[in-house]
Amino acid sequence: GINAEYGVSTQSTGVREKLDSLTPALDDYKRVLELDRRNGPSLEAIRRLPPLIEAQQEKMKQECMEKLQDLGNLVLKPFGLSTNNFKMVQNPETGGYNIQFQQNQ
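Bear in mind that the values here come from a model prediction, so they are computed numbers and not experimental data.

With that settled, consider the layout of surface pockets. For the largest pocket, the calculated volume is near 390 Å³. K61, Q62, M65, E66, L68, Q69, T83, N84, F86, M88, Y97 and I99 together form the lining of the largest pocket. For the lining of the largest pocket, the secondary structure elements donating two or more residues are helix 3 (40-76), strand 1 (86-90) and strand 2 (97-101). Considering each element in turn, the lining of the largest pocket owes the most residues, six residues, to helix 3. Within the lining of the largest pocket, the residues separate by chemical class into six nonpolar, four polar and two charged.

The following block contains the structure:
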């Protein structure tokens, strides 16, 4: 029934949020609102979580780029190069990146 689903959803939202599983928590809060449009904690979470999710994703992206740069430096070092020899420039029209080589000076 609705009450059982609602109870499970409200329990899982808090657990997921505490575990930094913010996107699944947000999905759970949305599910709770489907069952009860006036649920205060869910309404508050739907306003609060999106910027936190975006910040979490940005942090993960930055960590991934740092790890890729470390790996790139490991591979390029025997050739006297580093990732600093390559400049990534974002194309504002497509959002893609172009890579430019810069010789050491």
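Right, let's get into the packing of helix 2 (residues 22-35) against helix 3. At a minimum axis distance of 9 Å, the contact between helix 2 and helix 3 shows a crossing angle of 160°. Compared by their axis directions, helix 2 and helix 3 come out roughly antiparallel. In this structure, helix 2 meets helix 3 at a crossing whose hand is left-handed. Between helix 2 and helix 3, the contacting residues are L22, T23, A25, L26, Y29, K30, V32 and L33 on the first element and P41, S42, L43, A45, I46, R48, L49, P50, L52, I53, Q56 and Q57 on the second.

Turning to the side chain of T83, a few remarks are in order. You can see T83 is positioned in the loop between helix 3 and strand 1. Here the side chain of T83 touches Q69 through a polar contact of 3.0 Å, side chain to side chain. Not counting the four nearest positions on each side in its chain, T83 is found in contact with Q69, G72, N73 and L76.

Thresholds applied
- Residues numbered from 1 in each chain as written.
- Predicted model: local features only at pLDDT ≥ 70, side-chain atom pairs only at ≥ 80, totals over all residues.
- Heavy atoms only, no water.
- 1 Å grid on protein atoms, 1.4 Å probe; cavity = no way out; pocket = protein on both sides within 12 Å on 5 of 7 lines; lining within 4 Å.
- Points joined across faces, edges and corners; volume = space filled by probe spheres on them.
- Helix = DSSP H or I, 4+ residues; strand = E, 2+ residues; numbered from the N terminus.
- Nonpolar A, V, L, I, M, F, W, Y, C, P; charged D, E, K, R; others polar.
- Axes fitted to C-alpha atoms, helices over the stretch in contact; angles between N-to-C directions.
- Parallel < 35°, antiparallel > 145°, perpendicular 65-115°, else oblique.
- Left-handed = near helix turned anticlockwise from the far one by under 90°.
- Contact = heavy atoms within 4.5 Å.
- Polar contact = N/O pair within 3.5 Å; in protein donor to acceptor, adjacent residues only side chain to side chain.

By themselves, these observations are geometric and do not establish any function.
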